[in-house]
Amino acid sequence: MNTVAPTGGGRTPAPHVPYDADRATVFAEVLDELLTGYPYNSATQLHEYFGGRTVPRPYGASCAWQSFEAGRLVTERTGAPVEHPADGRHVAALFPDADGLTVLDPYLLHRLPLRLDRAAAEDGVVRRTVDAYPLRVRADGSPAPSRVRATWRLDDDAVRLDYLRHSPRRGHNVLSRSFTLRPATRMAQVPPPAEEVRPLLLHPEQHSVSVRVVHPGERLMGEVVLPLAGRPTGVRGDAALMIGKDNQGAVSRPGSAAFGRTADLVADAVGVPYEELAGFLLEAAALHRAAAPASLALAAYPVEDE
């Protein structure tokens, strides 16, 4: 969520903050804590910025706020400085030091911190790939983890992050998200001013509100989605418009056993009854509808199995 003017300039290494085993442990602990306890929730900021509501932490937050929280926790526990560069509406947390960079981007679901060491560069480029959620299985039962691939170009300090997720329907991993983070786009204020956040919450790319979790016990991913296209009214009757997506990316609808399993998984991870979570999404849809301009056109949410 690129909500402020870029600061400009390149990245300055932080030689006073060494990268060591203790710091690496904190990075890993913070990442896992956020993946399993601070889920992606695109409805949270609608409640906060249009509803004036303070949302309980277990509900999670949008991708930018997940990265803000990663930066806050790491800096609080280690003193490591953090940068928040943006690509469009997406924000990550980067921690420079004398030897390289560490990247935390909970939205991309990588299971280990993305550690990029300058000494590992080949032809001026540092590359690292780690496993990510969801941990899916192929038709033959073999593991098919997702991947996050980081590419750091030393000449311009740009970091590209590619998220590749296994598609059971296609039988191979597919590129799902890709972001390029540059020093010139790092944010000057975190969180950004409210008057800059509100218009971005109504961006056409935001065509649903959803809660996506990695269950802390089962380590399965699940998501409950309420599409915004067609202008849901946000009343209880719109609960029938919900969509469930399980760990394998299979889509389900309310009333089915598959939807019930996904809804239960998501609600259990958040720690509230599903009815309460559904109401949270429905209210967010109503807030979106009330705030959005009449001319806003939203794409239909895709409903095919992955």
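Data block above holds the structure.
The following refers to the structure shown. Quick caveat, the model's predicted, so the values are computed rather than measured.

1. Thoughts on a negative patch on the surface
- A contiguous patch of negative charge on the surface is contributed by Glu 218, Asp 264, Asp 268 and Glu 275.
- For Asp 264, the position within the fold is in helix H5 (residues 257-270).
- By relative accessible area, which is 52% here, Asp 264 ends up exposed.

2. Focus: helix H1 (residues 21-37)
- Here H1 contains 17 residues, and its C-alpha end-to-end distance of 24 Å stays within 8% of the 24 Å for a straight helix at 1.5 Å per residue.
- Along H1, the residues classified as buried are Arg 23, Val 26, Phe 27, Val 30, Leu 31, Leu 34, Leu 35 and Thr 36.

3. Digging into the packing of H1 against helix H3 (residues 63-78)
- Packing of H1 against H3 brings their axes to within 10 Å, and their N-to-C directions diverge by 145 degrees. The handedness of the crossing between H1 and H3 is right-handed. Contacts from Arg 23, Val 26, Phe 27, Val 30, Glu 33 and Leu 34 in H1 reach Gln 66, Glu 69, Ala 70, Leu 73, Val 74, Arg 77 and Thr 78 in H3.
- A class-by-class count of the residues in the contact of H1 with H3 yields seven nonpolar, two polar and four charged.

4. Focus on the pattern of salt bridges
- For the structure shown, the criterion picks out 18 salt bridges.
- The shortest N-O distance in the salt bridge between Asp 162 and Arg 149 comes to 3.2 Å. Remark: Arg 149 occurs in strand S8 (residues 143-153) and Asp 162 occurs in strand S9 (residues 158-167); sequence separation between them is 13 residues.
- Overall, Asp 162 belongs to the buried group, its relative accessible area being 3%.
- A relative accessible area of 34% means that Arg 149 is categorised as partly exposed.
- The residue Asp 162 makes a salt bridge to Arg 160 at a minimum N-O spacing of 2.8 Å.
- Beyond isolated ion pairs, a larger network of salt bridges with shared partners links Glu 33, Arg 57, Glu 69, Arg 72, Glu 76 and Arg 77.

5. Section: the packing of aromatic side chains
- With the rule as written, the count across this model stands at seven aromatic pairs.
- An angle of 55 degrees between the planes, with centres 5.0 Å apart, marks the rings of Phe 27 and Phe 95 as tilted. One end of the pair, Phe 27, is in helix H1; the other, Phe 95, is in strand S4 (residues 93-96), with 68 residues separating them in the sequence.
- Judged by relative accessible area, Phe 95 falls into the buried class, the value being 1%.
- Arranged with centres 5.2 Å apart and planes meeting at 65 degrees, the rings of Trp 65 and Phe 68 form a pair that is edge-to-face. Of this pair, Trp 65 and Phe 68 both sit in helix H3, separated by three residues, roughly a single helical turn. A single burial state applies to Trp 65 and to Phe 68, both of which are buried.
- Just above the ring of Tyr 19 sits the side chain of Arg 115; from NZ or CZ to the centre is 3.7 Å.

Conventions we followed
- Residues numbered from 1 in each chain as written.
- Predicted model: local features only at pLDDT ≥ 70, side-chain atom pairs only at ≥ 80, totals over all residues.
- Heavy atoms only, no water.
- Patch = residues over 30% accessible without salt bridge, like charges linked within 9 Å, V, L, I, M, F, W, Y side chains within 5 Å.
- Areas by Shrake-Rupley, 256 points an atom, 1.4 Å probe, with all protein chains shown as cover.
- Salt bridge = Lys/Arg side-chain N within 4 Å of Asp/Glu carboxyl O.
- Lys, Arg positive; Asp, Glu negative; His and termini not counted.
- Charge placed at Lys NZ, Arg CZ, Asp CG, Glu CD.
- Helix = DSSP H or I, 4+ residues; strand = E, 2+ residues; numbered from the N terminus.
- Buried < 20%, exposed > 50% of the residue type's maximum accessible area, 1.4 Å probe, protein only.
- Expected span 1.5 Å × (residues − 1).
- Axes fitted to C-alpha atoms, helices over the stretch in contact; angles between N-to-C directions.
- Left-handed = near helix turned anticlockwise from the far one by under 90°.
- Contact = heavy atoms within 4.5 Å.
- Nonpolar A, V, L, I, M, F, W, Y, C, P; charged D, E, K, R; others polar.
- Phe/Tyr/Trp six-rings, centres within 6.5 Å; stacked < 30°, edge-to-face > 60°.
- Lys NZ or Arg CZ within 6 Å of the ring centre and 35° of its normal.

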